[in-house]
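# Close look at the chain arrangement
Here are the chains, one letter per residue:
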Amino acid sequence: MQRDNEASYIEIMKDSLVKKIAVLNKISEQNKIQQGLTQAEEFDYDIFEKTLDEKEKLIDEINRLDSGFQSVFDRIKEILESGRENYADDIKEMQKLIAIITDKSANIMAEEKRNKEAIMNRKDSLKKEVGMARTTNKVAANYYKTMSKLNVLDSQFIDAKK
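What counts and what doesn't
Counting restarts for each chain: residues are numbered from 1 in the order of the written sequence. In keeping with the model being predicted, local features are shown solely for residues with a pLDDT of at least 70 and side-chain atom pairs are shown and tallied solely at 80 or more, while totals for entire chains, interfaces and linings include all residues. Side-chain descriptors were evaluated using all non-hydrogen atoms of the structure, hydrogens and water having been removed beforehand. Here a patch means residues that are over 30% exposed by relative accessible area and free of salt bridges, tied together within 9 Å if like-charged and within 5 Å if nonpolar (Val, Leu, Ile, Met, Phe, Trp, Tyr). Here, Shrake-Rupley sampling with a 1.4 Å probe gives the accessible areas, and only protein chains in the shown set may cover a residue. Any carboxyl oxygen of Asp or Glu within 4 Å of a side-chain nitrogen of Lys or Arg constitutes a salt bridge here. Counted as positive: Lys and Arg. Counted as negative: Asp and Glu, with His and the chain ends omitted from the count. Charge placement uses NZ in Lys and CZ in Arg. For Asp and Glu, CG and CD serve respectively. The secondary structure listing takes helices from DSSP runs of H or I that are at least 4 residues long and strands from runs of E that are at least 2 residues long, numbered from the N terminus. Note on exposure labels: buried denotes an accessible area under 20% of the residue type's maximum, exposed denotes more than 50%, and partly exposed covers the range between, all computed with a 1.4 Å probe on protein chains only.

Residues Glu41, Glu42, Asp44, Asp46, Glu49, Asp53, Glu54, Glu56 and Asp60 make up a contiguous surface patch of negative charge. Along the chain, the position of Glu41 falls in the loop between helix H1 (2-39) and helix H2 (45-82). Residue Glu41 is classed as exposed on the basis of its relative accessible area, which comes to 77%.

What follows is the structure, encoded as structure tokens:
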């Protein structure tokens, strides 16, 4: 009976690691969407905001999975250490899953860094565009203001001749 409980705990831990891999894959998908946004002609802030919200939910899910994994591990840590040979296959499988998680985490961190740099570069170019647009609008407003004054002067001049 004890062995069955231990096996159940080990299965829960492995299941948690597999779920974590799936969540990391979803985070990577959101990073790819963000990367596409940084390369798009027009930056869609709404989609970007949705990716941030989704990633926040996914990170909460990872934290929940990590917490659950840790609490189960704490329960059977001594059993795993003392009966290492009995659980060698399970331990190797979990080590492989952890290695996959580590690789995916490193890839996600690299994606995040690239996206941040691309967004910062995009932000700088958008600032320039906004600055040029403001300058253009200011010039246009001054032009129309000047032109409207000229028209007023012309009409006054015409009225003066009458």
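It is worth spelling out the pattern of salt bridges at this point. In this structure the tally under the stated criterion is eight salt bridges. For Glu93, the salt bridge is made with Lys14, and the minimal N-O distance between the two is 3.2 Å. Of this pair, Glu93 sits in helix H3 (residues 88-161) while Lys14 sits in helix H1, and the two are 79 residues apart along the sequence. Put simply, Lys20 and Asp66 hold a salt bridge, and the shortest N to O gap is 2.7 Å.

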